[in-house]
Amino acid sequence: MALGGVFMTDTDGNIGVAKLNLSEKVCGLLFDISGQSNFWTTGSGASAAATLKDTVVEFNTLDDAIKAGITEYSEVTSTTAADFILNGVAYYHIKRFFNLVGGSGRLFVMFADCSSNWNALIEMQNAAQGQISQFGVWTEQNLWKKVNSEDTEYSTQSIILDLNTVATQLANEYHAPATILLNANVAKVATATDPENTVALSKIPNIIGSNRYVAVLLGQDINTDVSAIQHSLTSKTPVGNLGVALGSLVLSSVGESIGWVQQHNLSDYFANIEFGFGDVSETDQEFGSTTPYESLTRAQIDMLDEKGYIFLCRYAGIEGGVFFSGDQTCSNGDYRTISRNRVINKARRSVRTALLPYVNSPIKVDPATGHLSTAQITVFSNLVTDILNAMVSAEEISGIGSVTIPADQNILQNDTLIIKFTLIPLGTAKRIEVTEGLVISQ
């Protein structure tokens, strides 16, 4: 007989693993083709029309985009750019997005005429079943306009407000909140007649207001492909940095700024940087000025930051490094950054998903008062708290402010369960101030 003892055997109860909803990694990329004539009837657009026209396409790799007709190129010139979809702009951003996120991801793409509205964003969100958490919008529509020649500052076109209106509709009516990153035409300034080719840096307007869902991007790489594409566009719209910005969001925690220096050095994608505006009058296929980053003073750089723009920048002491200046949105309220919007959007989506199974469910009340029972308050409080605690554990928020379910609510009368919660967001060390000096002893 074998030696006695206590013998343990594991058994698999098939509990399974709860899969996390990673919709915060899903992106949409909208290319506004309103500045293009005969887009779907000539050239590369005609070749890809059967696949891309009037539809939303999901790409999971760069190869998917190439197979759909968004042609690959290794070098582009201003004369060959027309051979590529949207003169190469689409391929440029899609390639950089997938390169940055590691080769695969979920990117919904649409080419649409957005001259009258931005409803294409709603179409895209519907096609993605509400999963898109951030959109990139590239458009040749002008961002700035000059109303009077004597004005000391340009005005902002309605594009920011219009995009925010659609984003608000997505959040409130479709329960699919998303941040919108905008690359618009900042190379020319709209006027009552023809746009002006020259942008006066001192006249660039402040865009901070109440448009929390929109962030405006400036800046691009200095290389032959980018220059050739911008030259080839009649509008001279800068190519921008949209693909890299979207990719940076995918790699970021929802509570993290894409301007975090330690995490987001973009030098692999931008060797030298410029703004793409200044004077886009052409002489011998050369612009008058595209405003290299190094040509700006510290005061001018600070001015762009204070006026609410996100742009490519450098920091003295990090040789060759290129970074986003921050993650400011067009808002001065609680949701003044992309990260704060992404945090509340994730909480909103997650809590709603957890509560949906309880719609039309029976709810016990206290027989003595007719109000919500203590047991039911505990059930729903724990449900919401568990979701928010997971965000705390993931270091997406600092903590939970409160989860409140009023005990005296009369659900028998109005068939409505009221739940409130607040979050304590992460802080951001945008400025680090240090005082230094010399002393003769400790």
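That block above? That's the structure.
Residues numbered from 1 in each chain as written. Predicted model: local features only at pLDDT ≥ 70, side-chain atom pairs only at ≥ 80, totals over all residues. Heavy atoms only, no water.

Enquirer: Looking at this model, I keep getting lost on the sheet that holds strand β14 (residues 310–313). Mind explaining?
Expert: By way of backbone hydrogen bonds, the strands of a sheet pair with one another, either parallel or antiparallel. Strands sit in the order β2-β3-β1-β4-β7-β9-β14-β15 across an open sheet of eight strands; the sheet is mixed. Among the strands making up the open sheet, the edge pair consists of β2 (57–59) and β15 (323–324). In this structure, strand β4 (residues 134–142) lies alongside strand β7 (residues 179–185), joined through six bridges in parallel fashion. Across the sheet, Val-137 pairs through a bridge with Leu-182, a residue of β7. Against the sheet, helix α4 (residues 120–127) touches β1 (27–32), β3 (107–112), β4 and β7, its axis set at about 145 degrees to β3. (Pairing = 2+ DSSP bridges. Helix = DSSP H or I, 4+ residues; strand = E, 2+ residues; numbered from the N terminus. Contact = heavy atoms within 4.5 Å. Axes fitted to C-alpha atoms, helices over the stretch in contact; angles between N-to-C directions.)

Enquirer: Even after reading the chapter, I still don't get the pattern of salt bridges, so can you show me in this structure?
Expert: Side chains that differ in sign of charge can pair as their charged atoms come close. According to the stated counting rule, one finds 10 salt bridges in the structure shown. Across the pair Glu-282 and Lys-236 runs a salt bridge, and its minimum N-O distance is 3.0 Å. Taken together, the residues span a long stretch of sequence, with Glu-282 in strand β12 (residues 279–283) and Lys-236 in the loop between α6 (224–232) and α7 (242–251) at a distance of 46 residues. Looking at Glu-282, the relative accessible area reads 33%, which means it is partly exposed. Here Asp-305 ties to Lys-430 by a salt bridge, and the two come within 3.2 Å at their closest N and O atoms. Of the two residues, Asp-305 is situated in helix α8 (residues 298–306) and Lys-430 in the segment after β18 (420–424); the sequence distance between them amounts to 125 residues. Of the residues examined, Asp-305 reaches a relative accessible area of 22% and is grouped as partly exposed. The class for Lys-430 is exposed, based on a relative accessible area of 53%. The structure contains a network of salt bridges with shared partners spanning Glu-24, Lys-346 and Glu-396. (Salt bridge = Lys/Arg side-chain N within 4 Å of Asp/Glu carboxyl O. Buried < 20%, exposed > 50% of the residue type's maximum accessible area, 1.4 Å probe, protein only.)

Enquirer: Explanation requested: helix α3 (residues 89–101) in the structure shown.
Expert: For an α-helix, the turn length of 3.6 residues means that residues three or four places apart are oriented alike. Between its first and last C-alpha, α3 extends 19 Å over 13 residues, near the 18 Å set by a 1.5 Å rise per residue. Within α3, 11 of the 13 residues are buried, which leaves it mostly tucked inside the rest of the structure. At the C-terminal side of α3, Gly-102 shows a positive phi close to 100 degrees. (Expected span 1.5 Å × (residues − 1).)

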